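Now for the letters of each chain:
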Amino acid sequence: MVLRKLKTPLEWTELPDREPGPQEIRVKVLACGVCRTDLHVVDGELPDPKLPIIPGHEIVGRIDAIGSAVKDLKLGERVGIPWLGHTDGSCPYCQMQRENLCDHPLFTGFTRDGGYATAAVADARFAFPLGEVGSDISLAPLLCAGLIGWRSLVMAGDAKKIGFYGFGAAAHILVQVARWQERSVYAFTRDGDARSQLFAKALGAVWAGGSDDAPPEPLDAAIIFAPVGDLVPAALKAVRKGGRVVCAGIHMSDIPSFPYSILWEERELLSVANLTRKDGIDFLRLAPQIDIKVTTTRYPLQNANQALADLRAGRFEGAAVLTP
Ligand SMILES: [Zn+2]
Ligand SMILES: [Zn+2]
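Residues numbered from 1 in each chain as written. Chains lettered and ligands numbered in written order. Predicted model: local features only at pLDDT ≥ 70, side-chain atom pairs only at ≥ 80, totals over all residues. Heavy atoms only, no water.

A. Focus on the sheet that holds strand β9 (residues 184-189). A sheet is described by the order of its strands in space; here six strands give the open sequence β10-β9-β8-β11-β12-β13, paired in parallel fashion. On the outer flanks of this sheet lie β10 (207-210) and β13 (268-271), each paired with one strand and no other. Averaged over all pairs of adjacent strands, the angle between their axes in this sheet comes to 20°, without regard to strand direction. With five bridges joining them, strand β8 (residues 161-165) and β9 adopt parallel strand pairing. Looking at β9, one finds that Y165 is bridged to F188. This element, helix α6 (residues 194-202), spans β9 and β10 of the sheet and lies at about 160° to β10. Contacting β8, β11 (219-224), β12 (239-247) and β13, helix α7 (residues 231-238) runs over the sheet at an angle of about 150° to β12. (Pairing = 2+ DSSP bridges. Helix = DSSP H or I, 4+ residues; strand = E, 2+ residues; numbered from the N terminus. Axes fitted to C-alpha atoms, helices over the stretch in contact; angles between N-to-C directions. Contact = heavy atoms within 4.5 Å.)

So this is what it looks like as structure tokens:
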């Protein structure tokens, strides 16, 4: 499913099989999650996309061709391919173990072709072995919603009371991780979205309300998953002195101006960008211990446009997953 022009539907397209380069693998795609970032790609909200592009960066696939220089993976192995598709390994950020900020990265489904397809080619060094435990469909959302959510949770520090703004694919996974870590999650949804609030509570949130509601007590930290700039001042008001607000998305509408008093008293505001391979290894090692229940809605690959439209409209809980 190819995006040829920004803000137009993806097109079903027959392409010849591609051969992997020496450091690459080719996988038969088993499942690919649908992420909000895919909407930002289609809508042209991210700078410098490659066009045409095959979106999709939550790929679960099985290796069916392998480059001559690939050492750590083998034919037939099940792997996950995430958003971070390549780094140069040499820029100052790579040198300081912050490859998520690499100066010359490639991103799966944005600047290199992704998983809305029957097959995908990836840099082997950025693929994660997944083993054979867990279904393809339930693993796919872990590869971005889970992984970048995990990075955001780490960034939130040791907060015991933590607010999640936007209760979509990432939050529904992370509430289970946070609960396992004995934190209390306060879920903020669109005002009046009773269905999402019930969903959040069913997964272990101690409180759920609208995004303009004040939590019953001040929070230690908040993570903003929804791409809505108005949530920044709302979250700053909800955290205690010295509290931290983490913006987890790659794109957000403009943040309205706000009085300095809600940042004052050493509140912190920061963003999370992309992922490092270490985030992936840490999270995928932890996930089976937590027994995360991923709620998914499956769409056949050729219905990718419908999946994107349903995500935009908030028509499902949890995560959408495409299967070829
Ligand atoms: Zn770099
Ligand atoms: Zn994503």
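Moving on from the model shown.
B. Spatial organisation of the coordination of the zinc ion (ligand 1). Around the zinc ion (ligand 1), the protein supplies D88 (OD), C91 (SG), C94 (SG) and C102 (SG) as donor atoms, at distances of 2.0 to 2.3 Å. Each of the four donor atoms bound to the zinc ion (ligand 1) contributes to angles spanning 96 to 118°, and the resulting shape is tetrahedral. Coordination of the zinc ion (ligand 1) draws on donor residues from a single chain, spaced D-x2-C-x2-C-x7-C in sequence. You'll find C91 and C94 in the same group, each marked buried. (Donors = N, O, S within 2.8 Å, 3.2 Å for Na, K, Ca; no water. Tetrahedral: all angles 85-135°; square planar, octahedral: opposite > 155°, others 65-115°. Buried < 20%, exposed > 50% of the residue type's maximum accessible area, 1.4 Å probe, protein only.)

C. Region of interest: unusual backbone geometry. Along the chain, L51 connects to P52 via a cis peptide bond; the corresponding omega equals -10°. Mapped onto the secondary structure, P52 falls in the loop between α1 (36-42) and β2 (59-66). Of note in the backbone geometry, K7 takes a positive phi value of approximately 65° without being a glycine. Along the polypeptide, K7 turns up in the segment before β1 (24-34). On the basis of relative accessibility, which here comes to 65%, the residue K7 falls in the exposed class.

D. Molecular detail of the pattern of salt bridges. According to the stated counting rule, one finds 20 salt bridges in the structure shown. Across the salt bridge formed by D220 and R240, the nearest N and O atoms sit 2.7 Å from each other. Of this pair, D220 sits in strand β11 while R240 sits in strand β12, and the two are 20 residues apart along the sequence. When its relative accessible area of 15% is taken as the criterion, D220 is described as buried. With a relative accessible area of 36%, R240 lands in the partly exposed category. Residue R315 is joined to D310 by a salt bridge in which the shortest nitrogen-to-oxygen separation is 2.4 Å. Ionic contacts of the salt-bridge type, sharing partners, join the residues R18, K50 and D113 into one network. (Salt bridge = Lys/Arg side-chain N within 4 Å of Asp/Glu carboxyl O.)

E. A look at the pairing of β10. One ladder, built from four bridges, connects β9 with β10; its direction is parallel. From the neighbouring strand, T189 faces β10, where its bridge partner is G210. Traced from β9 through α6 to β10, the parallel crossover comes out right-handed. (Right-handed = clockwise from strand over helix to strand, strands pointing away.)

F. Molecular detail of the coordination of the zinc ion (ligand 2). Protein coordination of the zinc ion (ligand 2) is provided by C35 (SG), H57 (NE2) and C144 (SG), with donor distances spanning 2.0 to 2.2 Å. All donors to the zinc ion (ligand 2) come from one chain, and their sequence spacing reads C-x21-H-x86-C. On the criterion of sequence distance, the pair formed by C35 in the loop between β1 and α1 and H57 in the loop between α1 and β2 is long-range, its members being 22 residues apart. Since its relative accessible area comes to 1%, H57 is described here as buried.

G. Main features of the environment of T13. Looking at the secondary structure, you find T13 in the segment before β1. Between the C-alpha atoms of T13 and A117, which are 104 residues apart in sequence, the distance is 9.3 Å. What T13 contacts, discounting residues up to four positions off in sequence, is V2 and R4. Polar side-chain contacts of T13 include one of 2.9 Å to the backbone oxygen of E11. (Polar contact = N/O pair within 3.5 Å; in protein donor to acceptor, adjacent residues only side chain to side chain.)

H. Structural detail: α7. Of all eight residues that make up α7, seven are buried, and the element is covered over most of its length. All of the buried residues along α7 are L231, V232, P233, A234, A235, L236 and A238. On its buried face, α7 is in contact with β8, β11, β12 and β13.

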